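Each chain, written out:
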Amino acid sequence: QPLFTPGLRSVAELFEKKNYELRIAGGAVRDLLSGMTPQDIDFATTATPAEMKEMFTSAGVRLINNKGEKHGTITARLHEQNFEITTLRIDVVTDGRHAEVEFTTDWEKDAERRDLTVNSMFLGLDGMLYDFFNGYEDLKNKKIRFVGKATERIQEDYLRILRYFRFYGRIAEKPGDHEPSTLQAIKENAKGLAGISGERIWVELKKILLGNHVNHLVRLMYELDIAQYIGLPLDGSLEEFD
């Protein structure tokens, strides 16, 4: 399916009329730059949820009722396609699981709150790439790094520890190509995973086990004292991974 569907063209026209900026965000940008077709495309905008609701409602566009609005996400349905569009955000308060957000029109501030550099890029509908943290460079070099300081990103949401491993298994070319400071930050914050629900942990763990470098990554989780916090046995036998 082409990226520029009739639905996306209609959405883009509405935003353009109102002078709201609209860009493809995060994982979809990473996939497109890797030559892959994204499964889901998330959009980011300078428009607030209230402005989006007003704009879509006036145009007679159907809105899908979901709970994303307080986090800034509106889902509109056009031409048999759902479009999930989120207002640019800054995290005001984080507790390691959830964040309280406030809206912004600053693209760099929004990129700063994302987990990994490869997931922090935006792509304009005109093909212009907005990359504040060298995500494209890291993607080309198959490097997985946190945006800014690893410790800060992890403490905003401890699940990011597992997301780091998941994307390492998906993007990195060889095992063992980690920055020592990143592994140190992970080890020091591993305990935070104890506060994350088993369901969220399993979603990430399953993807890690389906990716590359599984043997290396599972051993690393034991070395960094993560295993005990994600439901793996303390004395687990790793022979099967060889």
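Residues numbered from 1 in each chain as written. Predicted model: local features only at pLDDT ≥ 70, side-chain atom pairs only at ≥ 80, totals over all residues. Heavy atoms only, no water.

### What about the environment of Thr 151?
Thinking step 1. The residue Thr 151 is located in helix α6 (residues 150-156) in this model.
Thinking step 2. Thr 151 gets classed as partly exposed once you look at its relative accessible area, which sits at 30%.
Thinking step 3. Placed 31 residues apart in sequence, Thr 151 and Thr 182 show a C-alpha to C-alpha distance of 8.0 Å.
Thinking step 4. If we skip the residues at most four places from it in the chain, Thr 151 touches Ala 185 and Asn 189. (Helix = DSSP H or I, 4+ residues; strand = E, 2+ residues; numbered from the N terminus. Buried < 20%, exposed > 50% of the residue type's maximum accessible area, 1.4 Å probe, protein only. Contact = heavy atoms within 4.5 Å.)

### Considerations on the pairing of strand β5 (residues 81-87)
Two faces, one strand: in a regular strand the side chains alternate between the faces of the sheet.
Thinking step 1. As paired strands, strand β2 (residues 42-45) and β5 are joined by four bridges and run parallel to one another. Looking at β5, one finds that Phe 43 is bridged to Ile 85.
Thinking step 2. Where strand β4 (residues 73-78) hands over to β5, the hairpin turn is made up of two residues, of which His 79 adopts a positive phi near 50°. (Pairing = 2+ DSSP bridges.)

### Details of the nonpolar core
Thinking step 1. Within the largest apolar cluster, 54 residues are counted, with the highest numbers of intra-cluster contacts made by Phe 15, Phe 56, Ile 85, Leu 162, Phe 165 and Ile 226.
Thinking step 2. Looking at this core element by element, the count peaks at seven residues for helix α7 (residues 160-171).
Thinking step 3. Core analysis: the second largest hydrophobic core is formed by eight residues, Leu 88, Trp 107, Phe 122 and Val 147 among them. (Core = buried A, V, L, I, M, F, W, Y, C linked by side-chain atoms within 4.5 Å.)

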